[in-house]
Amino acid sequence: MATELTAAMREFLGEARIGVVAGIKEDGSPQLTPIWFLLEGDEILINTARERAKSRIFEREPRASFCVFEDFRYLTLSGRVTISADSDMADIKRIGLRYKPMEFLEKRIRDQWGGQQRITLHLKIEHVVSSGF
Amino acid sequence: MAIELGENARRFLQQPRFAVVGTNPADGPPQLSVVWYRMDGDHLLFVFSRGSAKEKNLRRAPYLSACVEDGYRYVTLSGLAVIEEDEGTTRALLRDLASRYLTPAEGKVWLASDENSGGSVTVRLSPEHIVTYGI
């Protein structure tokens, strides 16, 4: 099993795709959520509200996997998650700008995100499984 | 307890999309794979290779989560999954998947290659929980 991303994988992750993040619930069952992300160095950054189910899952159990696919190519990245606060909304803007214009993000911050406790999940990539690369 | 999917989720899932399926090992991170599926009523059917990580995980703990996404629309289903060992059932499902996702010529090649591998089992997910967005 590889532990490093190749240049082609980094390019694939650099495009504005939706990934699926997976964690482990208390009863041992998996929880999957589609989500925006940003590859930064050897970490996948994901932003969410602390109130969400997945935030609680990763606070309790840091093991995580992340999958991105398109047609017959896919990547599964695994490792452990650390959590940081995104009190100034800097991370959600950085991540969100890959997908939406700043006006959209600022409106969403006014209408929704600003009222939440935003956090960033940092998935440190320890294992890489790929197909079609 | 199994749930009903509802008309919109059913229609979304009936399209030949990809599913990301997750199972959990005893230790280590969740196991994710991109797979084909077909509906059987409100159940989802998958083919898993014998001896694959996800098959071993299911035998240990029968929980499966499947996420079918298409841009900003998605359906995530989770619940208990049972392994159906009958070879005839799995062969029929492989043929169904070939005709759902491939052209007849591609399907022929794919079915021949699968028969040469170590064999497969049918996995049936009975959803107990559903999350949808944008459908």
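The notes below deal with the structure included here.

The subject of this paragraph is the overall build of chain A. Across its full length, chain A carries four helices and seven strands. Helices (α) and strands (β) of chain A occur, in sequence order from the N terminus, as α-β-β-β-β-α-β-β-α-α-β. Relative to the compact-globule value of 14 Å for 133 residues, chain A shows a C-alpha radius of gyration of 15 Å, a close match. When its C-alpha atoms are laid out on the principal axes, chain A stretches across 40 × 35 × 25 Å. Looking at chain A residue by residue over its 133 residues, the buried ones come to 38%. If you take every contact in chain A between residues at least 6 apart in sequence, the share linking residues at least 24 apart comes to 71%.

When you go through chain B residue by residue, the secondary structure sums to four helices and seven strands. Listing every helix and strand of chain B by position from the N terminus yields α-β-β-β-β-α-β-β-α-α-β. A compact globule built from 135 residues would reach a C-alpha radius of gyration of about 14 Å, and chain B, at 15 Å, matches this within 12%. Referenced to the eigenvectors of the C-alpha coordinate spread, the extents of chain B come out at roughly 40 × 35 × 25 Å. Here chain B, with 135 residues, has 34% of them falling under the buried criterion. Considering only residue pairs separated by 6 or more positions, chain B has 72% of its internal contacts joining residues 24 or more positions apart.

So, about the interface of chain A and chain B. With 21 residues of chain A in contact, the opposing surface of chain B contributes 20 residues. Secondary-structure elements contributing two or more residues to the side of chain A that touches chain B are β1 (19–24), β2 (30–35), β5 (63–70) and β6 (73–85) of chain A. A breakdown of the residues in the side of chain A that touches chain B according to their chemical character gives eleven nonpolar, nine polar and one charged.

Either a parallel or an antiparallel arrangement is found when strands of a sheet pair, and the pairing is made through backbone hydrogen bonds. Residues and elements named next belong to chain A. One open sheet holds the seven strands; their spatial order is β2-β1-β5-β6-β7-β4-β3, and the pairing between them is antiparallel. Either end of the sheet is taken by a strand with one partner, and the two such strands are β2 and β3 (38–40). Across the sheet, the mean angle from the axis of one strand to that of its neighbour is 35 degrees, orientation sign disregarded. The pairing of strand β4 (residues 43–49) with strand β7 (residues 118–131) spans seven bridges and is classified as antiparallel. Along β7, the bridge assignment pairs T48 with I119. In the packing of helix α2 (residues 53–60) onto the sheet, contacts are made with β1, β2, β4, β5, β6 and β7, and the angle to β1 comes to roughly 50 degrees.

What follows is about the environment of A:R73. Residue and element names in this part refer to chain A. Examined against the element boundaries, R73 turns out to sit in strand β6. Taking the number of C-beta atoms within 10 Å as the measure of exposure, R73 has 15 and is therefore partly exposed. Sequence spacing of R73 and L39 is 34 residues, and the spatial spacing of their C-alpha atoms is 18 Å. Apart from residues no more than four positions distant in its own chain, R73 is found in contact with F12, S131, G132 and F133.

With that settled, the discussion passes to the sheet that holds strand β1 (residues 19–23) of chain B. Residue and element names in this part refer to chain B. Spatially, β2-β1-β5-β6-β7-β4-β3 is the arrangement adopted by the seven strands of the open sheet, whose pairing is antiparallel. For this open sheet the edge positions go to β2 (31–35) and β3 (38–40), each flanked by a neighbour on one side alone. Averaged over all pairs of adjacent strands, the angle between their axes in this sheet comes to 35 degrees, without regard to strand direction. Examined bridge by bridge, β3 and strand β4 (residues 43–49) share three bridges and lie antiparallel to one another. By the bridge assignment, R38 is partnered in β4 with L45. Along the sheet, helix α1 (residues 7–14) contacts β3, β5 (63–70), β6 (73–84) and β7 (120–133); its crossing angle with β6, the most-contacted strand, is approximately 80 degrees.

What follows covers the pairing of β1(A). Residues and elements named next belong to chain A. β1 sits mainly inside the fold: six of its six residues count as buried. Residues G19, V21 and G23 line one face of β1 and the alternating positions V20, A22 and I24 line the opposite face, and both faces are buried. In terms of strand pairing, β1 meets β2 through six bridges, oriented antiparallel. By the bridge assignment, G23 is partnered in β2 with Q31. If you look at the hairpin formed by β1 and β2, you'll find five residues sitting between the two strands, and G28 has a positive phi there, around 90 degrees. Pairing between β1 and β5: three bridges, direction antiparallel. Looking at the pairing, A22 lines up with S65 of β5.

Thresholds, definitions, all that
Residues numbered from 1 in each chain as written. Chains lettered and ligands numbered in written order. Predicted model: local features only at pLDDT ≥ 70, side-chain atom pairs only at ≥ 80, totals over all residues. Helix = DSSP H or I, 4+ residues; strand = E, 2+ residues; numbered from the N terminus. Rg over C-alpha atoms; globule rule 2.2 N^0.38 Å. Buried ≥ 20, exposed ≤ 12 C-beta atoms within 10 Å, placed from the backbone. Contact = placed C-beta atoms within 7 Å. Nonpolar A, V, L, I, M, F, W, Y, C, P; charged D, E, K, R; others polar. Pairing = 2+ DSSP bridges. Axes fitted to C-alpha atoms, helices over the stretch in contact; angles between N-to-C directions.

Distances and angles like these do not, on their own, reveal function.
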